[in-house]
Amino acid sequence: MRNTAVDQSSFGYLFTASHESKLAPKVDGPKAFAELLDLWAAQDCFRPGPDSIATVTWPSRDTEVSRALIERGFVPQSALAVRLAGRPPAGDAAPDPDVVVRRAGPADSDAMARLWTEQVRWEVQFGYTSIRPATRERVAEQVAQAVGGQEKQAWVAERDGEAAGLIAVQPPSHAAWAAHTIRVAPAAYLTCGAVTAGERGSGIGSALARQVHAELDAAGVGAILLHYTIANPLSGPFWSRCGYRPVLTAWSRGTVG
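From a predicted model like this one, the values you see are computed outputs, not experimental measurements.

(A) Inspection of the environment of alanine 188 at higher detail. For alanine 188, the position within the fold is in strand 8 (residues 187-195). The exposure class of alanine 188 is buried, given its relative accessible area of 1%. In this structure the C-alpha to C-alpha distance between alanine 188 and glutamate 20, which are 168 residues apart in sequence, comes to 26 Å.

The structure is reproduced here in structure tokens:
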């Protein structure tokens, strides 16, 4: 069990409560798992208050422990999902000739910051993301890294010359924190996938994903990882169509923000 107070100057503070109690269980079955949850719940640090969360992460396909979690007030928060190189999307639509996907550069910084911030605001309603006082500054830092091409890479999708979508990726050299969860290497991590509200469902996201996957596959990246919020009705179905499958599920009590 680990109890943490998050660094409030970090980008992660947008997606993490101020206080988190995190359990890393090692058990041999659902009965032992339930007993361990009860021992955890008896600790003073466990009781989530405002901007406080209790979290346990478990393999997505090991469903035997789900009932024990639900009975104790946990809900599935987010999934870490993986797409292996070369995996084709399911029923992908034909490319839209009016959509242009290209690598992002410094001239795209303002549009990228707008899209990224819009995505953060959209996610707030699901309880695990928050608008913090330094949100604008933290997003600007992420954009600067992406257009600089060192810690991140980014692509934008345009319709009629206007940026309508964004994907940012941490290359394998900076994605070790996520890549250790799978055996395929090298692995990248998709940091942000955003489509402006008026273009959701229009094919912008599919065009972006298609281009990013093709380039990373050609570069020899063996897998791409990402997180999506399970309560978001768009994320799970979209990434599944793009060839992603859940690996780990984070279950939680409490809310962020």
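The structure having been displayed, the exposition proceeds.
(B) Structural detail: the packing of aromatic side chains. Considering all chains together, one arrives at eight aromatic pairs under this definition. Ring centres of tryptophan 40 and phenylalanine 74 lie 5.7 Å apart, and the angle between their planes is 25 degrees; on these two criteria the pair is classed as stacked. Highlighted residues: tryptophan 40 in helix 1 (residues 30-41) and phenylalanine 74 in the loop between helix 2 (66-71) and strand 4 (75-84), separated in sequence by 34 residues. Of the residues examined, tryptophan 40 reaches a relative accessible area of 2% and is grouped as buried. Looking at phenylalanine 74, the relative accessible area reads 3%, which means it is buried. Where phenylalanine 238 meets tryptophan 239, the ring centres are 4.8 Å apart and the plane angle is 75 degrees; that geometry is what we call edge-to-face. Accessibility expressed as a relative area gives 8% for tryptophan 239, which makes it buried. Here the aromatic residues Phe11, Phe15 and Trp116 are joined through ring pairs into a cluster of three or more.

(C) Geometry of the pairing of strand 9 (residues 223-229). With six of seven residues buried, strand 9 lies mostly within the body of the structure. Here seven bridges tie strand 4 to strand 9, and the two strands are oriented antiparallel to one another. In the sheet register, alanine 79 faces strand 9, and the bridge partner there is tyrosine 228. The sheet contact formed by strand 8 and strand 9 spans three bridges and is parallel. Each residue of the ladder has a partner; that of alanine 187, found in strand 9, is alanine 223.

(D) Spotlight on the sheet that holds strand 6 (residues 153-159). Taken in spatial order, the 10 strands make up an open sheet running 1-2-3-10-4-9-8-7-6-5, and their pairing is mixed. Each of the sheet's edge strands pairs with one partner strand only, and the pair in question is strand 1 (2-5) and strand 5 (99-103). Each strand of the sheet is rotated relative to its neighbour by a mean of 25 degrees, with strand direction disregarded.

(E) Structural view of the pairing of strand 2 (residues 19-23). Relative to strand 2, strand 1 runs antiparallel, the two being bridged by four bridges. Residue pairing for strand 2: asparagine 3 is matched across the bridge by serine 21. Summarising the sheet, strand 2 and strand 3 (residues 52-59) pair through five bridges and their orientation is parallel. Paired with serine 21 across the bridge in strand 3 is alanine 54.

(F) Fine view of the pattern of salt bridges. Counted by the stated rule, this structure contains 11 salt bridges. Between aspartate 108 and arginine 102 there is a salt bridge, with the nearest N and O atoms lying 2.7 Å from each other. Classification of aspartate 108 by relative accessible area gives buried; the value is 11%. Taking the relative accessible area as the measure of exposure, arginine 102 reaches 29% and is therefore partly exposed. In this structure, glutamate 158 engages arginine 102 in a salt bridge whose closest nitrogen and oxygen atoms are separated by 2.8 Å. Of this pair, glutamate 158 sits in strand 6 while arginine 102 sits in strand 5, and the two are 56 residues apart along the sequence. Residue classification places glutamate 158 among the buried positions, given a relative accessible area of 18%. Among the ionic contacts, a cluster of salt bridges with common partners joins Asp38, Arg67, Glu71 and Arg72.

(G) Fine view of the side chain of threonine 135. In this structure, threonine 135 sits in helix 4 (residues 135-148). Here arginine 132 takes part through its backbone nitrogen, which lies 2.7 Å from a polar atom of the side chain of threonine 135. For threonine 135, the residues in contact, after removing those within four places along its chain, are Leu14 and Ser130.

Rules and cut-offs
- Residues numbered from 1 in each chain as written.
- Predicted model: local features only at pLDDT ≥ 70, side-chain atom pairs only at ≥ 80, totals over all residues.
- Heavy atoms only, no water.
- Helix = DSSP H or I, 4+ residues; strand = E, 2+ residues; numbered from the N terminus.
- Buried < 20%, exposed > 50% of the residue type's maximum accessible area, 1.4 Å probe, protein only.
- Phe/Tyr/Trp six-rings, centres within 6.5 Å; stacked < 30°, edge-to-face > 60°.
- Pairing = 2+ DSSP bridges.
- Axes fitted to C-alpha atoms, helices over the stretch in contact; angles between N-to-C directions.
- Salt bridge = Lys/Arg side-chain N within 4 Å of Asp/Glu carboxyl O.
- Polar contact = N/O pair within 3.5 Å; in protein donor to acceptor, adjacent residues only side chain to side chain.
- Contact = heavy atoms within 4.5 Å.

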